[in-house]
Amino acid sequence: MGFFEYFVTVSPEFGSYAWTFFIIQILLVAGGAYFIWLHTERNMARATFFRQLGIALMIVGGFGVALGVARMLNTPTFNQRFWFYIQFVVELILGGYVVYYMRSVLPELVRNSRNRTPTPRQMPSNAAPATPRPVATTGRREARRERKRKQR
């Protein structure tokens, strides 16, 4: 079997390597969901990084899960080995970029975000104050809505 034939050969069995790959993809999706919705960071630079990392993990892991499901369903086009090698290479590139970003770029962003002091919001000196809205007198519902608007 030659190099090209190895990558385009359809393998109908879902063996231990395929199960390992599939479980890792599910874990990537779960990790991405954690970073997007549950992980909290006080530093804005780190919070942005982890949110973007979560999105990337969800995309890459979701594509891997879709490949695993297609392989489980024995779809001949997606049973070829090159899909999984392409997915593996993409994940290695993503992992390498994350390590590079965390070691080189992120520390500088964290330092800059700590040193920056928030500027107080000021109204321009020539701006006229906002005119008050008239109180609703048409009915009970409108009056309630107006009271809620004033409380905001």
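The structure under discussion appears in the preceding block.
Now for a description of the structure that goes with this document. Since the structure is predicted, the reported quantities are computational estimates derived from the model, not experimental observations. (Residues numbered from 1 in each chain as written. Predicted model: local features only at pLDDT ≥ 70, side-chain atom pairs only at ≥ 80, totals over all residues. Heavy atoms only, no water.)

## Let's talk about unusual backbone geometry
Positive phi values are uncommon outside glycine, yet Asn-74 reaches one of about 65°. By secondary structure assignment, the location of Asn-74 is in the loop between α3 (44-72) and α4 (81-115). Judged by its relative accessible area of 38%, Asn-74 is partly exposed. (Helix = DSSP H or I, 4+ residues; strand = E, 2+ residues; numbered from the N terminus. Buried < 20%, exposed > 50% of the residue type's maximum accessible area, 1.4 Å probe, protein only.)

## Some words on a nonpolar patch on the surface
On the surface, a cluster of nonpolar side chains totalling about 590 Å² of accessible area is made up of Trp-19, Ile-23, Leu-27, Val-69, Met-72 and Leu-73. Those elements giving two or more residues to the nonpolar patch turn out to be α2 (16-38) and α3. Counting residues per element, the nonpolar patch draws most heavily on α2, at three residues. Tracing the backbone through its elements, the reader meets Leu-27 in helix α2. (Patch = residues over 30% accessible without salt bridge, like charges linked within 9 Å, V, L, I, M, F, W, Y side chains within 5 Å. Areas by Shrake-Rupley, 256 points an atom, 1.4 Å probe, with all protein chains shown as cover. Salt bridge = Lys/Arg side-chain N within 4 Å of Asp/Glu carboxyl O.)

## Description of the environment of Tyr-101
Looking at the secondary structure, you find Tyr-101 in helix α4. When its relative accessible area of 18% is taken as the criterion, Tyr-101 is described as buried. Spatially, the C-alpha atoms of Tyr-101 and Phe-49 are 9.2 Å apart, while their sequence positions differ by 52 residues. Aside from chain neighbours lying at most four places away, what touches Tyr-101 is Phe-49, Leu-106, Pro-107 and Leu-109. (Contact = heavy atoms within 4.5 Å.)

## Brief notes about helix α5 (residues 140-151)
Its twelve residues place the ends of α5 17 Å apart at the C-alpha level, agreeing with the 16 Å of an ideal helix rising 1.5 Å per residue. Sparse coverage of α5 is indicated by the burial of one of its twelve residues. (Expected span 1.5 Å × (residues − 1).)

## Some details on α2
Its 23 residues place the ends of α2 32 Å apart at the C-alpha level, agreeing with the 33 Å of an ideal helix rising 1.5 Å per residue. Among the residues of α2, Ala-18, Phe-21, Phe-22, Gln-25, Gly-32, Phe-35 and Ile-36 are the ones counted as buried. Against the buried residues of α2 lie α3 and α4.

## What about the layout of surface pockets?
Vacant regions in the atomic arrangement are exposed by a probe of water-molecule size rolled over the atoms. Here the largest pocket is characterised by a volume of approximately 470 Å³. As for the largest pocket, its lining consists of 17 residues, and the residues nearest its centre are Tyr-17, Ala-18, Arg-71, Phe-84 and Tyr-85. No other element matches the seven residues that α2 contributes to the lining of the largest pocket. Class assignment for the residues of the lining of the largest pocket results in eight nonpolar, five polar and four charged. (1 Å grid on protein atoms, 1.4 Å probe; cavity = no way out; pocket = protein on both sides within 12 Å on 5 of 7 lines; lining within 4 Å. Points joined across faces, edges and corners; volume = space filled by probe spheres on them. Nonpolar A, V, L, I, M, F, W, Y, C, P; charged D, E, K, R; others polar.)

## Remarks on the packing of α2 against α3
Contact geometry for α2 and α3: axes closest at 7 Å, N-to-C directions at 150°. Regarding the angle of α2 to α3, the classification is roughly antiparallel. Considering only the axes of α2 and α3, their crossing is left-handed. Considered class by class, the residues forming the contact of α2 with α3 number 20 nonpolar, eight polar and two charged. (Axes fitted to C-alpha atoms, helices over the stretch in contact; angles between N-to-C directions. Parallel < 35°, antiparallel > 145°, perpendicular 65-115°, else oblique. Left-handed = near helix turned anticlockwise from the far one by under 90°.)

## Section: the packing of aromatic side chains
Considering all chains together, one arrives at twelve aromatic pairs under this definition. Summarising the aromatic geometry, the rings of Phe-78 and Trp-83 are spaced 5.2 Å apart at their centres and angled 45° between planes, so their arrangement reads as tilted. (Phe/Tyr/Trp six-rings, centres within 6.5 Å; stacked < 30°, edge-to-face > 60°.)

## Brief notes about a positive patch on the surface
Together, Arg-140, Arg-141, Arg-144, Arg-145, Arg-147, Lys-148 and Arg-152 line one region of the surface with positive charge. Relative to the helices and strands, Lys-148 resides in helix α5. Taking relative accessible area as the criterion, Lys-148 reaches 53% and is therefore assigned exposed. (Lys, Arg positive; Asp, Glu negative; His and termini not counted. Charge placed at Lys NZ, Arg CZ, Asp CG, Glu CD.)

All quantities given are derived from atomic positions and should not be read as evidence of function.
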